[in-house]
Amino acid sequence: MASGCKIGPSILNSELACLASECVRMLDSGADYLHLDVMDGHFVPNITFGHPVVESLRKQLGMDPFFDLHMMVAKPEQWVKPMAVAGASQYTFHLEATENPGALIKDIRENGMKVGLGIKPGTTVEDLAPWANQIDMALVMTVEPGFGGQAFMEDMMSKVQWLRTQFPSLDIEVDGGVGPDNIHKCAEAGANMIVSGSAIMRSEDPRSVINLLRHVCVEAAQKRSLDR
Ligand SMILES: O=C(CO)[C@@H](O)[C@H](O)COP(=O)(O)O
Ligand SMILES: [Fe+2]
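Because the structure is a prediction, the values reported are computed rather than measured. (Residues numbered from 1 in each chain as written. Chains lettered and ligands numbered in written order. Predicted model: local features only at pLDDT ≥ 70, side-chain atom pairs only at ≥ 80, totals over all residues. Heavy atoms only, no water.)

## Looking at the UniProt feature "binding site: a divalent metal cation" (unreviewed entry) in the protein chain
According to UniProt, the feature "binding site: a divalent metal cation" (unreviewed entry) maps to His 35, Asp 37, His 70 and Asp 175 in the numbering used here. The annotated residues occupy 141 residues of the chain but converge on a single region, no pair of C-alpha atoms lying more than 10.5 Å apart. From the list above, the largest pocket is lined by Asp 37, His 70 and Asp 175. As for its placement among the helices and strands, His 35 is situated in strand β2 (residues 34-39). (UniProt positions renumbered as here; feature names shortened; annotations may be inferred. 1 Å grid on protein atoms, 1.4 Å probe; cavity = no way out; pocket = protein on both sides within 12 Å on 5 of 7 lines; lining within 4 Å. Helix = DSSP H or I, 4+ residues; strand = E, 2+ residues; numbered from the N terminus.)

## Some points on the pairing of β2
Most of β2 is tucked away, with six of its six residues classed as buried. The side-chain alternation of β2 yields two buried faces, one formed by Leu 34, Leu 36 and Val 38 and the other by His 35, Asp 37 and Met 39. In terms of strand pairing, β2 meets strand β3 (residues 67-72) through six bridges, oriented parallel. In the strand pairing of β3, Leu 36 is matched with Leu 69. One crossover worth recording links β2 to the parallel β3 by way of helix α2 (residues 51-61), and it is right-handed. (Buried < 20%, exposed > 50% of the residue type's maximum accessible area, 1.4 Å probe, protein only. Pairing = 2+ DSSP bridges. Right-handed = clockwise from strand over helix to strand, strands pointing away.)

## Digging into the coordination of the iron ion (ligand 2)
Protein coordination at the iron ion (ligand 2): the donors are His 35 (NE2), Asp 37 (OD), His 70 (ND1) and Asp 175 (OD), at 2.0 to 2.2 Å from the metal. Bound by six donor atoms, the iron ion (ligand 2) shows angles of 74 to 177° at the metal and therefore octahedral coordination geometry. Binding-site remark: the iron ion (ligand 2) is held by donors from one chain whose sequence spacing is H-x1-D-x32-H-x104-D. One end of the pair, Asp 37, is in strand β2; the other, His 70, is in strand β3, with 33 residues separating them in the sequence. (Donors = N, O, S within 2.8 Å, 3.2 Å for Na, K, Ca; no water. Tetrahedral: all angles 85-135°; square planar, octahedral: opposite > 155°, others 65-115°.)

As structure tokens, this is what we get:
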């Protein structure tokens, strides 16, 4: 089976001037990992931050936290080494952004990071499938990438379900508009890595939101393993 249910807050909608303390607040609230959204203004119509900020966060937070870098960039090949040096744990690139996923996967591994491969809502899961045995995690976007706070696209759940059936041990991440209102759908479809931005960040009690998301996810995974 996939490696347990994990909750990774997206810090995109946090108070960016206090990024390190916002990350600490998430980790102290029980986050399993941090989902760091890198946007370059080309692949998506928005800009966030790059490897210098990741490096600063790694220095501030120490070696323990798992950093999942969601690379919404037009040239994912360009940032592999800088992100590895900066302290990224996993490099999640978009299938739509490269002509040679195989070479990129190899490069990410050679630079000591885990490999995530994401697809936008308009990309079919069959396009991702040929790479599924070479990656650590598949990311199914449940919004058009670029901004936090958008509405969850429920019709992406068929992709998650298909992937879970075909690749029982693959980590499958959902990202975009995910929160208490729709976690059941994500969990039942088979997602085990849950990114949630606004729903956690805007809550007065992030710990209880994180616990709820994890609880629903664990229950669904247990039910799946009993059904097998
Ligand atoms: O990658 C993205 C958006 O492109 C996400 O990581 C979002 O930033 C998550 O935030 P919410 O949609 O949960 O507010
Ligand atoms: Fe993201």
